[in-house]
Amino acid sequence: MSGDTRWIELDGAVNARDLGGLPTADGRTTRRGRVLRSDNLQDLSVADVRLLCDDYALKNIVDLRSSTEIRLEGPGPLNRVPSITVHQLPLLPEGGHRTDVTADTTARALPAQDRSTGHYLGYLRDRGDSVVAALRVMTRTDGSALVHCAAGKDRTGVVCALALETVGVTREAIVADYAQTGERLDAVLARLRGTKTYAEDLDSLPADAHRPDPAIMEKVLTRLEEEFGGAVGWLTTHGWTDEDTQALQDRLLN
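On a predicted model such as this, the values are computed, not experimentally measured, just so you know.

Enquirer: Teacher, can you tell me more about the side chain of Q42 here?
Expert: Relative to the helices and strands, Q42 resides in the loop between β2 (35–38) and α1 (46–55). When its relative accessible area of 16% is taken as the criterion, Q42 is described as buried. A distance of 2.9 Å separates a polar side-chain atom of Q42 from the backbone oxygen of G74. Q42 has contacts with R65, E73, G74, P75, G76 and P77, leaving out every residue within four places of it along the chain.

Enquirer: Mind showing me how you'd approach the nonpolar core here?
Expert: Here is a general trend for soluble globular proteins: nonpolar side chains tend to be buried in one another's company. Ranked by internal contacts, the top residues of the largest apolar core, which has 46 residues, are L135 and L162. Among the secondary structure elements, those contributing two or more residues to this core are α4 (112–126), α5 (128–138), β5 (144–148), α6 (155–166), α7 (171–179), α10 (214–228), α11 (231–236) and α12 (242–252). Per-element tally for this core: the top contributor is α6, with seven residues. Setting aside residues no more than four positions away along its own chain, L135 makes contact with V159, L162, A163, T166, L235, W240 and L248. Counting residues in each nonpolar core, the second largest holds 16 residues, with I8, L10, L44 and L146 among its members.

Enquirer: Mind showing me how you'd approach unusual backbone geometry here?
Expert: Leaving glycine out, the prevailing phi sign among residues is negative, and the prevailing peptide bond configuration is trans. Phi is positive for A57, close to 50°, though the residue is something other than glycine. Residue position: A57 is located in the loop between α1 and β3 (58–63).

Enquirer: Honestly, the state of the cysteines in this entry has me stumped. Any pointers?
Expert: Defined simply, a disulfide is a covalent bond joining two cysteines at their sulfur atoms. Applying the stated criterion across every chain yields a total of zero disulfides. C160 takes part in no disulfide bond, and the closest cysteine sulfur to it belongs to C149, at a distance of 8.9 Å. What makes C160 buried here is its relative accessible area of 0%.

Enquirer: Is there a simple way to explain the pairing of β3 in this structure?
Expert: Regular strands place side chains that alternate from one sheet face to the opposite one. Counting buried positions along β3 gives five out of six residues, so the element sits mostly inside the fold. Alignment of β3 against β5, held across five bridges, turns out to be parallel. By the bridge assignment for β5, L58 is matched with S144. Pairing analysis gives four bridges linking β3 to strand β4 (residues 85–88), with the strands arranged parallel. Its bridge partner lying in β4, D63 is registered against Q88. With helix α2 (residues 67–73) bridging β3 and the parallel β4, this β-α-β connection has right-handed handedness.

About the thresholds
All residue numbers here refer to positions counted from 1 along the written sequence of the relevant chain. Reporting in this predicted model follows two pLDDT cut-offs: at least 70 for local features of residues, and 80 or more for side-chain atom pairs to be given and counted; totals over whole chains, interfaces and linings ignore these cut-offs and use all residues. Hydrogens and waters are ignored; side-chain quantities use all the structure's heavy atoms. Numbering of helices and strands starts at the N terminus; helices are DSSP runs of H or I of at least 4 residues and strands are runs of E of at least 2. Note on classification: 1.4 Å probe, protein chains only; a residue is buried when its accessible area is under 20% of the maximum for its type, exposed when over 50%, partly exposed between these limits. A 3.5 Å cut-off defines polar contacts: any pair of N or O atoms within that distance qualifies, except that in protein one atom must be a possible hydrogen donor and the other a possible acceptor, and neighbouring residues in sequence count only when both atoms are side-chain atoms. Any two residues whose heavy atoms approach within 4.5 Å at even a single point are treated as in contact. We call a set of buried residues a nonpolar core when its members are Ala, Val, Leu, Ile, Met, Phe, Trp, Tyr or Cys and they connect through side-chain atoms within 4.5 Å of each other. Two cysteine sulfurs form what is called a disulfide whenever their separation falls within 2.5 Å. When DSSP finds at least two bridges between two strands, those strands are taken to pair. Viewed with both strands pointing away, a crossover whose connecting path from the first strand over the helix to the second turns clockwise is right-handed.

Pasting the structure below:
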């Protein structure tokens, strides 16, 4: 890692970054090397695996893809590393849509913002169990955790946003982190178009439909605030405890 950049430069993934260095409302910052986020990990090189294991002490992977995606893509390089545990925690209802790309097409008559907001809230409605389990993986103390889906934007974005709000990161910083995928979006889409699993779904929508709009994440977090008092209130309805919140804060904050 050079300078203040949070990007992690890898040969086989283009949307990998560290959730460290983000400000909290009480003047603290998130720790580097604790939680990472990324797009699909199928193409990681030997050097990538070495960097993640040696420089980031990677121990846990939160894979938010559906079982269908995982079956179509097959095991990735990190699945073969004995010291790494992969937690399969899908955010789409099993038996439903194949990918997070397809989920965008279910309400194509709606404006793009409303479509994406509804689809993000759908993750929370349908798979609250997976979201809570994902955040609990982040509290583990045995090295870093990496959260990923296909593009590293939608499912990964929602889970990371909830984790960051739970530890007190400012709304502005949460939304900016979500939008940061836009800097690498062309490269993300190019990677996914090269796979049979995602190419057809991607081409069914205009390129702009995939761009991370900050207003979408603002709307999702505002909805949680209005209905549950925020991310922690929503998590509590799915079994999250004060001890879980403390463990996540202890793990992620300086």
